[in-house]
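Listed here are the chains, written in short residue letters.
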Protein chains: 2
Amino acid sequence: MAGPGRGVTIADVAARAGVAASTVSYVLSGKRSISPETADRVMHAVADLGYHPHAGARSLASRRAGVVAMMLPLRDGMHLPVLMQFASGAVTEARCHDQDVLLMTADEGPAGLARVAASAIVDGLILMDVEVRDPRVETLRRLGLPSVLIGFPADAAGLTCVDLDFTAAGRVCAEYLRERGCGDIALLGASEAVYARRTGFAERVREGFLGRSGPGATVQPCPDDPVSVQRTVKELLAANPALNGIAVHNEPAVGHVMHALADAGKLVGEDFHVVVIGPDEVAERVHPQLPSVLVPAETLAETAVRHLMRKLDGLDVPDSTLVEPQLTIR
Amino acid sequence: MAGPGRGVTIADVAARAGVAASTVSYVLSGKRSISPETADRVMHAVADLGYHPHAGARSLASRRAGVVAMMLPLRDGMHLPVLMQFASGAVTEARCHDQDVLLMTADEGPAGLARVAASAIVDGLILMDVEVRDPRVETLRRLGLPSVLIGFPADAAGLTCVDLDFTAAGRVCAEYLRERGCGDIALLGASEAVYARRTGFAERVREGFLGRSGPGATVQPCPDDPVSVQRTVKELLAANPALNGIAVHNEPAVGHVMHALADAGKLVGEDFHVVVIGPDEVAERVHPQLPSVLVPAETLAETAVRHLMRKLDGLDVPDSTLVEPQLTIR
DNA sequence: TTCCTCAATCGAAGCGCTTCGACAAGCTTC
DNA sequence: GAAGCTTGTCGAAGCGCTTCGATTGAGGAA
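Rules behind the numbers
Residues numbered from 1 in each chain as written. Chains lettered and ligands numbered in written order. Predicted model: local features only at pLDDT ≥ 70, side-chain atom pairs only at ≥ 80, totals over all residues. Heavy atoms only, no water. Helix = DSSP H or I, 4+ residues; strand = E, 2+ residues; numbered from the N terminus. Rg over C-alpha atoms; globule rule 2.2 N^0.38 Å. Buried < 20%, exposed > 50% of the residue type's maximum accessible area, 1.4 Å probe, protein only. Contact = heavy atoms within 4.5 Å. Near = heavy atom within 4 Å. Polar contact = N/O pair within 3.5 Å; in protein donor to acceptor, adjacent residues only side chain to side chain. Pairing = 2+ DSSP bridges. Axes fitted to C-alpha atoms, helices over the stretch in contact; angles between N-to-C directions. Least-squares fit on C-alpha atoms with pLDDT ≥ 70 in both. Buried area = accessible area lost by both parts, 1.4 Å probe. Salt bridge = Lys/Arg side-chain N within 4 Å of Asp/Glu carboxyl O. Right-handed = clockwise from strand over helix to strand, strands pointing away.

> Tell me about the overall build of chain A, residues and numbers included.
Counting its secondary structure elements, chain A contains 14 helices and 12 strands. Taking 330 residues into account, the globule formula puts the C-alpha radius of gyration at 20 Å, and chain A, at 25 Å, lies well above it. C-alpha extents for chain A along the principal axes are approximately 85 × 40 × 40 Å. Relative to its full complement of 330 residues, chain A shows a buried share of 52%. The contacts in chain A between residues at least 6 apart in sequence include a share of 67% that link residues at least 24 apart.

> Requested: an account of the protein's contact with DNA strand C, with residues and values cited.
Contacts to DNA strand C come from 28 residues, most closely from I10 and R32 of chain A together with T23, S33 and T38 of chain B. A share of 59% is what sugar and phosphate atoms reach among the atoms of DNA strand C within 4 Å of the protein. In this structure, a phosphate oxygen belonging to DNA strand C sits 3.3 Å away from a main-chain N or O atom of H54 of chain A. Between DNA strand C and the protein, one listed contact pairs a phosphate oxygen with a side-chain N or O atom of T38 of chain B at 2.3 Å.

> Give a description of the sheet that holds strand β9 (residues 273–277) of chain A that names residues and reports values.
All names here are of chain A. In spatial order, the strands read β7-β6-β8-β9-β10-β12; together these six strands make up an open sheet with mixed pairing. Sheet topology places β7 (217–220) and β12 (327–328) at the edges, where each strand pairs with a single neighbour. Of the strand pairs in this sheet, β9 and strand β10 (residues 292–293) are connected by two bridges, and their pairing is parallel. Bridge assignment links V276 to a residue of β10, and that residue is S292. Strands in contact with helix α8 (residues 166–179) are β6 (184–188), β7, β8 (243–248), β9, β10 and β12; relative to β9, the strand with the most contacts, it is inclined by about 165°. Packing of helix α11 (residues 226–239) onto the sheet brings it into contact with β6, β7 and β8, and relative to β6 it is tilted by some 160°.

> Could you give me a rundown of the relation of the copies chain A and chain B, with the residues and numbers involved?
Note on the identical chains: chain A maps onto chain B by a rotation of 180° and an axial translation of 0.2 Å, with an RMSD of 0.2 Å. As the rotation angle and translation indicate, the two copies are arranged about a two-fold axis. Most of the interface of chain A is mirrored in chain B: 100% of its interface residues are interface residues there too.

> Any details on the interface of chain A and chain B? Residues and values, ideally.
Each side of the interface is counted separately: chain A has 48 residues, and chain B has 48 residues. In total, chain A and chain B occlude about 3,900 Å² of area from one another, counting both sides; carbon and sulfur atoms represent 66% of this. The three residues of chain A that bury the most area against chain B are M84, L103 and R285 of chain A, which together make up 18% of that side's buried surface. R95 of chain B serves as the salt-bridge partner of E108 of chain A, at 3.2 Å between the closest nitrogen and oxygen.

> Can you lay out the pairing of strand β3 (residues 124–127) of chain A for me, pointing to particular residues and giving the numbers?
Residues and elements named next belong to chain A. Judged by which residues are buried, β3 turns out to be covered on both faces: G124 and I126 on one side and L125 and L127 on the other are all buried. By the bridge criterion, four bridges tie strand β1 (residues 67–72) to β3 in an arrangement that is parallel. Across the sheet, residue M70 finds its bridge partner in β3, namely I126. As judged from the three bridges shared by β3 and strand β4 (residues 147–150), these two strands associate in the parallel manner. Looking at β4, one finds that I126 is bridged to V148. In this view, the connection linking β3 to its parallel neighbour β4 by way of helix α7 (residues 135–143) has right-handed handedness.

What follows is the structure, encoded as C-alpha cells:
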C-alpha cells in the first residue's frame, strides 16, 4: 500500500545535503541567513527526495498549523453556486499563502469553533453568511481565534468583517431604474423567512433601495416558486398600475418575474425596466438579458483570506471592508 | 487576543485527575482497559478543562491526522448545487467519524495529491468527478494513499469507486418514455465539450439511454444557453417530426427546452413527454413539473466517506459501488 | 503459602519539526 | 593585533501526544 521510503524526514534531507537538520529548516523558512551554496544543496536534496515537512510535526513545533477553517452555512435557501464560488476562491487564495482550508458546516455551531480552536487544528477562521444575531460571534470573541467574517453581525466591534456593500447595491439599483425614467419602482426580495432570520444583506439592500428613492418605492418579499412570483408580480402591478421598474433580489425568481411581466403585457427594456442583484448567469439566461449587480463571491473570498493571513502575521487589517457593487449593463 | 490558559494539555488533565498522562490517553482512546472510577475522573477533568487534544501532536505521535481531503473540481460546467450537496454530505458524515475535511480544488492536480500525502496532513482522500482518463489516478495508485473516487476512470483496478449507476439512469429514462407510448425519443445531453472531456457519467447515460431503446432513439449534445437550446430542440423536431419524448440531462437547459416545446405547440405531459436527470428543484420549477432521476449527492458522499473510514481502519470495502437511480414521478 | 496471571497504571522514549543559544570563522575598527 | 561585529552553521531542547515495556497489587491455582 505504501510508497517507497515511507516518509522522507528533514533528517534525510540534512544527511543528503551534508548539513544539520536545523540548517534545512532555516533554508526552508528563511528565518536565518544561509549561504547560497548551502541553500542550493539543501534545495536540491529536497527536490531529489520529494520532501514535504510533516504537517503535524510542524504544527506542534511552530504552533502554526498552516490551515484555516472555513465555516459555510449549508442550510437551505442560500444560493449554492455563490457559496461554491466563495469556497473555491478561498481555497485558491489560501493556497497562494501556503495554507490549506478545512471545511466546516455551520451545524457545528459555536462548539465547533471551540473544538478547532482548542485542538489547534487551524490557525484562523473564515465565517460565511454571518447573521445579524449570530450565536457564533460571541464564542469567536471569547476564543480570540483570528478570524474574518463575511457579513456583519449587529455588534461588529473588535471583529474583522468583509462584505459587498449591499446598501450601495440597493441604491445603485434604484438609481438605475430612476435614470431609465421609472417613476414607481419596487424591490422584489427574498422570501419573508430570510428577512425574519435577519439576514444582514437582505435588510441592507432594502435600506439602500428605499433610502434615496423618495416616494414611489416599495419593497416586497417573495417566495421563489413560480406561482408565488407570478402572483406577487400581479399584485404589485394591480396595486400600482404606474409601476414601471423592478429590482429583483431573488435569483430563482428572475425567470418567473419575466414571464409574469410578459403576461401583463409589459415590454421589458422599453416601457418597463428590471435590474437584478445576483450572479451573471441569472441575468443572462433570460430574454432580454438584464442589467445586474453581481455578488462578487471570489473577490470577497480573496479579500477575506488575505485579511486573515495578515492577521495571522500580526499585521493590521481594517475592521470593516465593504466592496463596491458594480452594475453591469447588458 | 488569546483566551485564558493558552492551551490545556493532556498533562493538565492528568494532574487534575491525579493520574499519569498515558492513562488519560488510554481513557480517551480506549486502547487499554481502565477502571471505571479512573475513567470517570478523567472524563470529568476533560470536561472541566475543556480539553481537546492538540491535533498536530496527535498526528505526529499516532500517525493519524484525523483529517481526510476532498478534492472537488471547481471548473465550469459542473452543476454547482450538486457539488455543494456533496461537500456538505461528506463533511457531515466525516464528523460522525470524528474526522475533519480538508477542501482541495482539482487545480492542484497530481502534485496536490503528492503534497498532502507526503506532509501527512490527511489520512485519506475523496476524489470527486473522476474522468475516464484522469491524470490523478496514476499518482493516486503510486502514492498508495487510502482513497475513494466518485466516478469511474477507465481502469479502476485496485481503486475504490462509488457513483450513481448512470447507465441505469439513462435506461430508466428511456423506459419511462417508452411506457408513456413515445415511439421516437431523444436524449438532450450536456455540451459537446463534456463528452469530449470523456466525463464518465455523460457517456454512461448515453449508453443506458440507447441500450434498450431499440431504434428511434437519438442522443444530442447541447450547450446550455437559451438560444442553443431553442435551436437544438427545433432541429430535433424538424429532423424527426414523430419525436414525442425527450430526456434532458442538462440542468440549466430544462427551462428552455420547455419553452421551445411550447413554441412548437407540443403539450408536455399529453402528446409529448419529458424526463429530467438532475436535481429536484430543476424538475419542479417548470410547468408542468417533470418526472426526474435525481443524482443523490448526499448518499454518494456518505457512502464514499464510509468506505474511506473502513479503509483507514484496514477493513474491506467493495471496489465498485453503484447506487440505483430512482425515478420520481410528479 | 507460593507461584502465576491478569487488570490497571505509570514512566520514558520517541514522532519530525522549529528555535534558541553557542560557536567558529571572517570582517571591521581603532 | 586585540576587541568587537557579522555571518553561517550546529546541537540540543522541547512542542503535546501515543505507545511500549515495566511495575504493582489482587485473585486463583497448585
